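What follows is each chain in one-letter form.
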Amino acid sequence: MKKCFLVTGLIFSFLMTQAQETTPSKKKDWSKANLTNRPKDHLMFQLGYLGWAQAPDSIATKGLARSFNAYFIFDFPFKTDARFSVGIGVGFGTDHMFFDNGARRDLNITNPTTFRFARNTGADTAISYKKIKLGTAYLEAPVELRFMTKPETPNKSLKFALGVKVGTMLSAVDKTKFNRDASGNVDFSRKDKSRVHFNGLRLAPTARIGYGNIGLFAQYQLNDFIKEGQGPNTIRPFIIGLVFTGL
């Protein structure tokens, strides 16, 4: 993940250097670029794979965890060089993490002491899980520094962006489908909704590269996902995936 941000940063630095060192005979006055075909605002959709970096071995994740994000963003081109711009927006981010069906579920909403999905040691044979999922939702504000090679025709341009997302957690839902519980009940579901175990703030640097309306993106959460004293607070969620955007 760090290599992804490093490579994108190096590309961005190279493009900025090239923009400054272009010879006068070849240099175009980008301050006079015609941006009539370039929208001032746009939608951005992201669909990606969700992972938990630095998660302890006791966390038994499983399956294809995923993330979906949607934002409305305003674009502010630089007056001196229209290839560069700043994007500022607002939107929602949702994450869905799945856990091993054989895991021992250790989450008590009414008396929150720990949050973990530990690997089954064989002591909980009376309980059988069919599906375990943790879903979280955030209200987020993304900010990006952008560069595109053809600002007058963004649908036919290479695009690069570095930025950061600041978000606040709106909800955290733990949904479990049981084959059988300790009381002998079979084939039922239970849903617990509580943010008590999790940090309300999410701070994540982002990187994006693409062509036209499609590209690749990555983000990495810098702060703890789980509160100190509420479980393994070393977990850092990261996302890698596809992005669909007008700019």
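Here, the structure is the one placed above.
Keep in mind that what you see is a predicted model, and the values were worked out from it rather than measured.

Caption draft 1: Representation of a positive patch on the surface within the structure. A grouping of Arg66, Lys130, Lys131, Lys175, Lys177, Lys191, Lys193, Arg195 and Lys227 is seen on the molecular surface, where their side chains present a positively charged patch. Put simply, the parts of the chain that give the positive patch at least two residues each are strand E6 (128-148), strand E7 (158-180) and strand E8 (186-193). Structurally, Lys130 is set in strand E6.

Caption draft 2: Region of the structure containing the pattern of salt bridges. Throughout the structure, instances matching the rule amount to eleven salt bridges. The salt bridge partner of Arg146 is Glu144, with a shortest N-O separation of 2.8 Å. Of the two residues examined, Arg146 and Glu144, each falls in the buried class. Salt bridges sharing partners connect three or more residues here, namely Arg38, Asp75, Glu144, Arg146 and Arg208.

Caption draft 3: Spatial organisation of the nonpolar core. In terms of nonpolar packing, the biggest core is built from 23 residues, with Trp52, Phe99, Phe198 and Phe225 touching the most fellow members. Looking at this core, the elements that each hand over two or more residues are strand E1 (41-53), strand E2 (66-77), strand E3 (84-99), E6, E7 and strand E11 (236-245). Per-element tally for this core: the top contributor is E6, with four residues. The residues touching Phe225, leaving out its near neighbours within four places in the chain, are Trp52, Leu134, Thr136, Tyr138, Met169, Phe198, Asn199, Ile235 and Pro237.

Caption draft 4: Structural context of the environment of Ser128. By the secondary structure assignment, Ser128 is in strand E6. With 49 residues separating them along the chain, Ser128 and Lys177 place their C-alpha atoms 9.1 Å apart. Not counting residues within four places of it along the chain, the set of residues in contact with Ser128 comprises Phe178, Asn179 and Arg180.

Conventions and cut-offs
- Residues numbered from 1 in each chain as written.
- Predicted model: local features only at pLDDT ≥ 70, side-chain atom pairs only at ≥ 80, totals over all residues.
- Heavy atoms only, no water.
- Patch = residues over 30% accessible without salt bridge, like charges linked within 9 Å, V, L, I, M, F, W, Y side chains within 5 Å.
- Areas by Shrake-Rupley, 256 points an atom, 1.4 Å probe, with all protein chains shown as cover.
- Salt bridge = Lys/Arg side-chain N within 4 Å of Asp/Glu carboxyl O.
- Lys, Arg positive; Asp, Glu negative; His and termini not counted.
- Charge placed at Lys NZ, Arg CZ, Asp CG, Glu CD.
- Helix = DSSP H or I, 4+ residues; strand = E, 2+ residues; numbered from the N terminus.
- Buried < 20%, exposed > 50% of the residue type's maximum accessible area, 1.4 Å probe, protein only.
- Core = buried A, V, L, I, M, F, W, Y, C linked by side-chain atoms within 4.5 Å.
- Contact = heavy atoms within 4.5 Å.

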